[in-house]
Amino acid sequence: MADIGFLAERAHVIRTRIIEMGASHTGTHVGGSLSAADVLTVLYHHVLRVRPDEPGWPGRDRFVLSKGHASAALYAVLADRGFLDPGECATYGEHGSRLAGHPLRRLPGVEFPTGSLGHGLSLGVGLALALRRDGLPARVFVVLGDGELQEGSVWEAVMAGAHLGLDNLTAVVDRNGWQISGTTEECMALEPLAQRWTAFGWAAREVDGHDLPALCTAFEELPYAPGRPGVVLARTTKGRGVSLFENRKKSHYVTLTPALYQRAMAGLRARSRT
Amino acid sequence: MTVDATLTPPALDGWAQTYAGACREHYRRVLLDLARADRRIMCVDSDMGGLEDGFAAHLPEQYVNVGIAEANMMGVSAGLAAAGRIPYVNTISTFAATRACEQMKIDIASNNLPVRVVVTHGGLSAGHYGPTHHALEDVAIVRTLPNMTVIVPADAVETELALRSTVDLPGPVFIRLGRAETPLVHLAPYDFAVGRAVPLRPGDDVTIVASGPIPTHLAVEAHERLAASGIGARVLGMHTVKPIDVDALVAAAGSTAGIVTVEDHVRTGGLGGAVCEVVSEHRPCRVHRLGVGDAFFDVVGSELELLHDAGVSTERIVEAATVLCRG
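Residues numbered from 1 in each chain as written. Chains lettered and ligands numbered in written order. Predicted model: local features only at pLDDT ≥ 70, side-chain atom pairs only at ≥ 80, totals over all residues.

A. Molecular detail of the sheet that holds strand 10 (residues 240–242) of chain B. Residues and elements named next belong to chain B. Here seven strands make up an open sheet; going across it, the order is 2-1-3-4-6-5-10 and the pairing mixed. Either end of the sheet is taken by a strand with one partner, and the two such strands are strand 2 (63–65) and strand 10. Adjacent strand axes in the sheet meet at a mean angle of 20° when their direction is disregarded. Note: strand 5 (residues 149–151) against strand 6 (residues 173–176), three bridges, orientation parallel. The residue bridging I151 from the neighbouring strand is I175, located in strand 6. (Pairing = 2+ DSSP bridges. Helix = DSSP H or I, 4+ residues; strand = E, 2+ residues; numbered from the N terminus. Axes fitted to C-alpha atoms, helices over the stretch in contact; angles between N-to-C directions.)

Below, the structure is given as structure tokens:
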């Protein structure tokens, strides 16, 4: 059973760290990091079989953040799970830091450098295929952005995952509905999204991506169908947790001024009490 | 236009006979052989045709066909390699080097993963298929990727040696093969090492450096013709374009009148470019680069006809070498 109170507490800490990285001199992809925060919290604190003290443990579940621009969320959760010293988050974007705007390979817990969209699911297919042929029980989870699904290579990997019957592979789509220039539906429509994945042979599950018990259940019930990869379509809110960022186009990339940082943290605290 | 588009293949004795045929077919036999001995090896196919019978039928658990999807194939192979496999990726050179370049760069090369990208249809070897299937900039692109070893074998013998010597190389390897059958350059066993040029013919007047099947064959032919005019042309087979054999090039620059480079590639950035980088830094000398010029090359013809039109021919090598010798 998932300890929902614990997960909610961790998600709050992770959002706090995302805001802190947004207040660095470089700023960060705040909106898409906050929308993915609950998904990453549940994955790292409830789902993934990983060993923070042994990041290369061969039996580990593999995680690929295909939407690498949500690096702040990844660093925050890796720090929260013990892969990194939480103090390292303060080095985000600084010269010589291991924490870049998109994840570097040399960071413990990061399987691949990501950020150029449309790569992660192919990597996941390769990992899942090798693990299955080696008879290992490890699973593979790939988090994609919704705008990222406009990259054609994603659908090459979607076809391959289904064709190869990789039920040890799960894609999670952070369906926050926005990309830089507007909503996904205005820019290049994705709906009907669940039907698109199921038409390609995946077993789809739609879930409120901020409902921690629902997320836990969605991951606990994997695999959804034997011989079919699963996709969790996590309906999320861009900028979730800070009302001045929520569902705002401008929250895509933010460099928080000290004043904005204070407002954002106050907003985050107020939201966490409700 | 009709050109004298014939090669004079050497007579093959017992040893060499086993290498008759196209590099591609020989590669496939060697791959199956290597894979039988090493379970880590995977054959990753993108609907190339023939591997389903030539490989999958024998070792289905070490084979995967991802369909006509080269970008995905590179990512899948990076994933396989990260999980302990040694993937041999099969596609046409231009589809690897240009279509799927970013996946090769980020997913494979930046992670220094042991993926072997074995491509066919290098240079103009797709012949009459036309420029969409020619690969004239592949070597230039791939050799800029850090960690990548780039090998352009001259024949089936060198193809096998390159494959066998790179199985356990830690990082990625790009092996560029032609498509059709080409004459053997190596008629007897020789000492092969990644990164070391093969002295194919001795000579102290001028140096010819070549890579790839037909360019190397033409370089050897040019050596014979130059010898008839009293010019001693050293021929270096530069199968490894990266890391290139600096010592052999510096020695050639220091002891001969200059270097002629011969390649089935644009003149910028490939073998000729790599040779210029080395000699300009270590031992400046005159270099004449033979290759395809800086224009889209949409002539119809066979590989030999196209190379001739591009100025890659025995005659042009002889001319260039003679000019260098005259100072």
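B. Expanded view of the interface of chain A and chain B. With 21 residues of chain A in contact, the opposing surface of chain B contributes 23 residues. Elements that contribute at least two residues to the side of chain A that touches chain B include exactly helix 4 (120–133) and helix 5 (152–163) of chain A. It is helix 4 of chain A that provides the largest number of residues to the side of chain A that touches chain B, a total of 10 residues. Considering only residue class, the side of chain A that touches chain B consists of 11 nonpolar, six polar and four charged. (Contact = placed C-beta atoms within 7 Å. Nonpolar A, V, L, I, M, F, W, Y, C, P; charged D, E, K, R; others polar.)

C. Local environment of the environment of V13 of chain A. All names here are of chain A. Along the chain, the position of V13 falls in helix 1 (residues 4–22). The exposure class assigned to V13 is partly exposed, which follows from the 17 C-beta atoms found within 10 Å. Sequence separation of V13 and A37 is 24 residues, and the distance between their C-alpha atoms is 9.9 Å. (Buried ≥ 20, exposed ≤ 12 C-beta atoms within 10 Å, placed from the backbone.)

D. Examining the packing of helix 4 of chain A against helix 5 of chain A more closely. Residue and element names in this part refer to chain A. At a minimum axis separation of 8 Å, helix 4 and helix 5 run at an interaxial angle of 25°. The orientation of helix 4 relative to helix 5 falls into the category roughly parallel. Here helix 4 runs over helix 5; the crossing is left-handed. In contact with L121, S122 and V125 of helix 4, helix 5 contributes S153, V154, A157, V158, A160 and G161. Classifying every residue of the contact of helix 4 with helix 5 gives six nonpolar, three polar and no charged. (Parallel < 35°, antiparallel > 145°, perpendicular 65-115°, else oblique. Left-handed = near helix turned anticlockwise from the far one by under 90°.)

E. Structural view of the nonpolar core. A73 of chain A together with I208, I317 and A321 of chain B are the most contacted members of the largest nonpolar core, which totals 189 residues. Counting residues per element, this core draws most heavily on helix 2 (residues 30–47) of chain A, at 10 residues. Viewed by domain, this core spans two of them, domain 1 (14–176) and domain 2 (198–326) of chain B, each represented by three or more residues. (Core = buried A, V, L, I, M, F, W, Y, C linked by C-beta atoms within 7 Å. Domains from an automatic or database assignment.)

F. The domain arrangement of chain B, seen in detail. Residues and elements named next belong to chain B. We note that the domain assignment places domain 1 (14–176) and domain 2 (198–326) within chain B. Computed over C-alpha atoms, the centres of domain 1 and domain 2 are 26 Å apart. Within the residue set of the side of domain 1 that touches domain 2, elements represented by two or more residues are helix 7 (138–142), strand 5 and helix 8 (156–166). Top contributing element to the side of domain 1 that touches domain 2 by residue count: strand 5, with three residues. Residue composition of the side of domain 1 that touches domain 2, grouped by class: 13 nonpolar, six polar and four charged.

G. Representation of the sheet that holds strand 7 (residues 230–235) of chain A within the structure. Residues and elements named next belong to chain A. Within the open sheet, the five strands sit side by side as 1-2-3-7-6. Their pairing is parallel. Every interior strand has two partners, whereas the edge strands, strand 1 (62–65) and strand 6 (203–208), have only one. The average angle at which neighbouring strand axes cross in this sheet is 20°, direction not considered. Of the strand pairs in this sheet, strand 1 and strand 2 (residues 140–145) are connected by four bridges, and their pairing is parallel.

H. Examining helix 9 (residues 213–228) of chain B more closely. If you check helix 9 of chain B, its first and last C-alpha atoms are 24 Å apart, about what 16 residues at 1.5 Å a residue would give, namely 22 Å. Buried residues of helix 9 of chain B: P213, I214, P215, T216, H217, L218, A219, V220, A222, H223 and L226 of chain B, and no others. (Expected span 1.5 Å × (residues − 1).)

I. Examining the environment of H282 of chain B more closely. All names here are of chain B. Relative to the assigned elements, H282 resides in helix 11 (residues 271–282). H282 sits 138 residues away from T144 along the chain, and the two C-alpha atoms are 20 Å apart. Once you skip the residues sitting within four places of it in the chain, H282 turns out to touch V246 and V250.

J. Spatial organisation of helix 8 (residues 212–220) of chain A. Residues and elements named next belong to chain A. L212, L215, C216, A218 and F219 are the residues of helix 8 that are buried. Buried residues along helix 8 cover an arc of 160° about the axis, so they all sit on one side. If you follow the buried residues of helix 8, they end up packed against helix 1, helix 2, strand 6 and strand 7. (Arc of directions from axis to C-beta.)

K. Quick peek at the confidence of the model for chain B. Considering every residue of chain B, the mean pLDDT works out to 95; 98% of them sit at 70 or more. Across the whole predicted complex the pTM is 0.96, and at the interface the ipTM reaches 0.95. (pLDDT = per-residue confidence, 0-100.)

L. How the structure looks around the pairing of strand 4 (residues 116–120) of chain B. Residues and elements named next belong to chain B. Counting buried positions over the five residues of strand 4 gives five, a clear majority of the element. Burial along strand 4 is two-sided: R116, V118 and T120 facing one way and V117 and V119 facing the other are all buried. Bridge count between strand 4 and strand 6: four bridges; the pairing is parallel. The partner of V117 across the bridge, within strand 6, is F174.

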